[in-house]
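Understanding the architecture of this molecule
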Amino acid sequence: MPSSLRSITRLLIGSVLLGKDGLENKIKEWDYYAQGSDSVPEQEPTFDDEENNVSPGIEFNTRLDERSDLSYLLIGLAFKLQENIDNGVRKAEKMSGNVENLAKPILKPIYSSRFLKPFRTGFDNLVARGEAEVNRLVKEGQTEDAYSRTLAKEAFHERLDSSLDYLASEPKIEELIQSQSVSILDEIIEEVRERTVSADYLIEDFLRMIFRRPLRAELPTPPLELKRLLITTRIVKRRGTN
Amino acid sequence: MRTSDVEELKNAINLKGHYAGFTSRSIAFIFDLVIISVTIMFTSWLISASLETLHIKPFLNVIFYNLFGKSFDESIFFRSITTSFVSLIFVISYFVFFWFTVGQTPGKALVGIRIVTIEGNRLPFWKAVLRYFGYIISGLFLGLGFFWILVDDKRMGWHDKIANTFVVYAWDARPDETFLAKATKELSARHKLIENFTIEQKNGDNT
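Not measured: the values here are computed from a predicted model. (Residues numbered from 1 in each chain as written. Chains lettered and ligands numbered in written order. Predicted model: local features only at pLDDT ≥ 70, side-chain atom pairs only at ≥ 80, totals over all residues. Heavy atoms only, no water.)

A look at the pattern of salt bridges
Counted under the stated rule, the structure contains 12 salt bridges over all chains. Residue Glu204(A) is joined to Arg155(B) by a salt bridge in which the shortest nitrogen-to-oxygen separation is 2.8 Å. Residue Glu204(A) is found in helix 5 (residues 171-210), and its partner Arg155(B) is found in the loop between helix 7 (144-151) and helix 8 (158-163); the two belong to separate chains. Judged by its relative accessible area of 1%, Arg155(B) falls in the buried class. A salt bridge links Asp152(B) to Lys161(B), with the nearest nitrogen and oxygen atoms 2.8 Å apart. Residue classification places Asp152(B) among the buried residues on the basis of a relative accessible area of 11%. (Salt bridge = Lys/Arg side-chain N within 4 Å of Asp/Glu carboxyl O. Helix = DSSP H or I, 4+ residues; strand = E, 2+ residues; numbered from the N terminus. Buried < 20%, exposed > 50% of the residue type's maximum accessible area, 1.4 Å probe, protein only.)

Some remarks on the packing of aromatic side chains
One pass over the structure, following the stated rule, counts 20 aromatic pairs over all chains. Ring centres of Tyr132(B) and Phe133(B) lie 6.0 Å apart, and the angle between their planes is 85 degrees; this geometry places the pair in the edge-to-face category. When its relative accessible area of 43% is taken as the criterion, Phe133(B) is described as partly exposed. Ring centres of Trp148(B) and Trp158(B) lie 6.1 Å apart, and the angle between their planes is 55 degrees; on these two criteria the pair is classed as tilted. Here the residue Trp148(B) occupies a position in helix 7, and Trp158(B) occupies one in helix 8, the gap between them amounting to 10 residues. Overall, the relative accessible area of 34% leaves Trp148(B) in the partly exposed class. Taken together, the aromatic side chains of Phe29(B), Phe90(B), Tyr94(B), Phe95(B), Phe97(B), Phe98(B), Trp99(B), Tyr132(B), Phe133(B), Tyr135(B) and Phe146(B) make up a single cluster linked through ring pairs. The side chain of Arg131(B) reaches across the aromatic face of Trp99(B), ending 4.8 Å from its centre. In this structure, Arg155(B) packs its charged tip against the face of Tyr201(A), placed 4.5 Å from the ring centre. (Phe/Tyr/Trp six-rings, centres within 6.5 Å; stacked < 30°, edge-to-face > 60°. Lys NZ or Arg CZ within 6 Å of the ring centre and 35° of its normal.)

A few points about the confidence of the model for chain B
All names here are of chain B. Residues of chain B with pLDDT of at least 70 account for 86%, and the chain-wide mean is 83. When pLDDT is averaged over each helix and strand of chain B, the minimum, 55, is found for helix 1 (residues 3-12) and the maximum, 93, for helix 8. For this predicted complex, the interface confidence comes out at an ipTM of 0.72, alongside a pTM of 0.54. (pLDDT = per-residue confidence, 0-100.)

Things to note about the packing of helix 5 of chain A against helix 2 (residues 22-53) of chain B
Axis separation between helix 5 of chain A and helix 2 of chain B bottoms out at 6 Å; the angle between their running directions is 125 degrees. Classified by the interaxial angle, the pair formed by helix 5 of chain A and helix 2 of chain B is oblique. Note on element contacts: helix 2 of chain B touches helix 5 of chain A through Phe22(B), Thr23(B), Ser24(B) and Ile27(B), opposite Thr196(A), Val197(A), Ala199(A), Asp200(A) and Ile203(A). Its residues assigned to classes, the contact of helix 5 of chain A with helix 2 of chain B comprises 5 nonpolar, 3 polar and 1 charged. (Axes fitted to C-alpha atoms, helices over the stretch in contact; angles between N-to-C directions. Parallel < 35°, antiparallel > 145°, perpendicular 65-115°, else oblique. Contact = heavy atoms within 4.5 Å. Nonpolar A, V, L, I, M, F, W, Y, C, P; charged D, E, K, R; others polar.)

Focus: the nonpolar core
Core analysis: the largest hydrophobic core is formed by 23 residues, its most contacted members being Val197(A), Phe95(B), Trp99(B), Tyr132(B) and Tyr169(B). Secondary structure elements with two or more residues in this core: helix 5 of chain A together with helix 2, helix 4 (76-101), strand 1 (113-117), helix 6 (125-140) and strand 2 (165-169) of chain B. Ranked by residues supplied to this core, first place goes to helix 4 of chain B with 6 residues. If you look at the next biggest cluster of nonpolar residues, it comprises 5 residues, including Tyr19(B), Val116(B), Phe166(B) and Val168(B). (Core = buried A, V, L, I, M, F, W, Y, C linked by side-chain atoms within 4.5 Å.)

A few points about unusual backbone geometry
All names here are of chain B. Phi at His55 takes a positive value of approximately 55 degrees, unusual for a residue other than glycine. Relative to the helices and strands, His55 resides in the loop between helix 2 and helix 3 (57-68). Judged by its relative accessible area of 56%, His55 is exposed. For Asn164, which is not glycine, the phi dihedral falls at a positive 55 degrees. In this fold, Asn164 is placed in the loop between helix 8 and strand 2.

Observations concerning the confidence of the model for chain A
On average, residues of chain A score 76 in pLDDT, and 74% of them reach the 70 mark or higher. With pLDDT under 50 throughout, residues 54-59 of chain A is counted as low confidence; its partners more than four residues away or in other chains account for 3 contacts.

Thoughts on the environment of Ser183(A)
Residue and element names in this part refer to chain A. Of note, Ser183 is situated in helix 5. Overall, Ser183 belongs to the partly exposed group, its relative accessible area being 31%. In this structure the side chain of Ser183 is engaged in a polar contact, spanning 2.8 Å, whose partner is the backbone oxygen of Gln180. (Polar contact = N/O pair within 3.5 Å; in protein donor to acceptor, adjacent residues only side chain to side chain.)

Topic: a nonpolar patch on the surface
Residues and elements named next belong to chain B. Residues Trp126, Leu130, Phe133, Ile136, Ile137, Leu140, Phe141, Leu144, Phe147, Trp148 and Ile162 make up a contiguous nonpolar surface patch of roughly 1,100 Å² in combined accessible area. Mapped by element, the contributors of at least two residues to the nonpolar patch are helix 6 and helix 7. Broken down by element, the residue count for the nonpolar patch peaks at 6 residues, all from helix 6. Residue position: Ile162 is located in helix 8. A relative accessible area of 36% places Ile162 in the partly exposed class. (Patch = residues over 30% accessible without salt bridge, like charges linked within 9 Å, V, L, I, M, F, W, Y side chains within 5 Å. Areas by Shrake-Rupley, 256 points an atom, 1.4 Å probe, with all protein chains shown as cover.)

Below, the structure is given as structure tokens:
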């Protein structure tokens, strides 16, 4: 099972790599546009594109050969550093325990000596004061933790609200939403109309079938004059709107 | 299929100006009824709320008592007669107004159909009124006049025949092909079932 320090290292390296890829692609794009080219340059696949190819638990991907050895060396070094820090911390912990075990029996007679009582009392007071200070700091930490979370949430929501307000008041966005809504409504109306037209023929045929009347071979044709009038009206209307 | 082919196909089956069928007209009518009902309900609520809040009811009670010997609250018969009359006037005005001014009610506009004279023009006022009374005649015999649309070659109901009007598609109408194909399939399957059942029955009778 990986340690939390290793996970943090992975997260940091992943973020750096992802950011680097994104930035490289963006710079390429800007470069193309700056040269006056309209087409979007072919972009290198990012980790987002690759994540479907990588199964969970497998720590390598298909781009292994494409990256330079130097970047892999740096990544490897970063993990080595993390391992060293991890080992160092563990060793220091072990060592402090050993020192404590070793020094305790030797220092015990000195510590419990009557001559050193004033110093001991002073030391105990110092420790007590230290403990009180630590407790106070813990309490403050607890309060500040809750307060900071609330503050961050508040700031985030306010930022979000103001961003949404800005977007809502932006005429271009408003226009876009309106045009989208209108086109959706148009599509719905057209769908309803198409279905009713279909149902017109369907129900007619069904009833004719029930009453054993012959089905209509073709649609009843309206007078040509009528059709011409409707088309003329449409053209006149279009000209009017233009 | 290319986009141009789709456009060509759409133009080929453009039913604009063709006689509108029973379903489209029924949906439009139902939609109009909803509008009318909501409007009447809202208006009556508004009137009764205004009478309550503006304290007009006591005055009405006095006036009604002097005129009919009953207070406004007690004269239920008179109130229902007045409400029905006002509602009827509203319903007639609704249809006649829209047929005369734009040639289609909001319900018909939603479904994309329009009422025209045989010459293809908008209805004159008297024809719109005549068509409304045609509605009443169509509804008299269990709505047979409306169901006439299903069998008539020009999809005309009795009210259309009385006022000499057509109801036509006012948009580039085309049937929903997928829906139509699916429904036809189901219909033919059902038709086969009915046929088999009739044959079986006949055979049973013969034996």
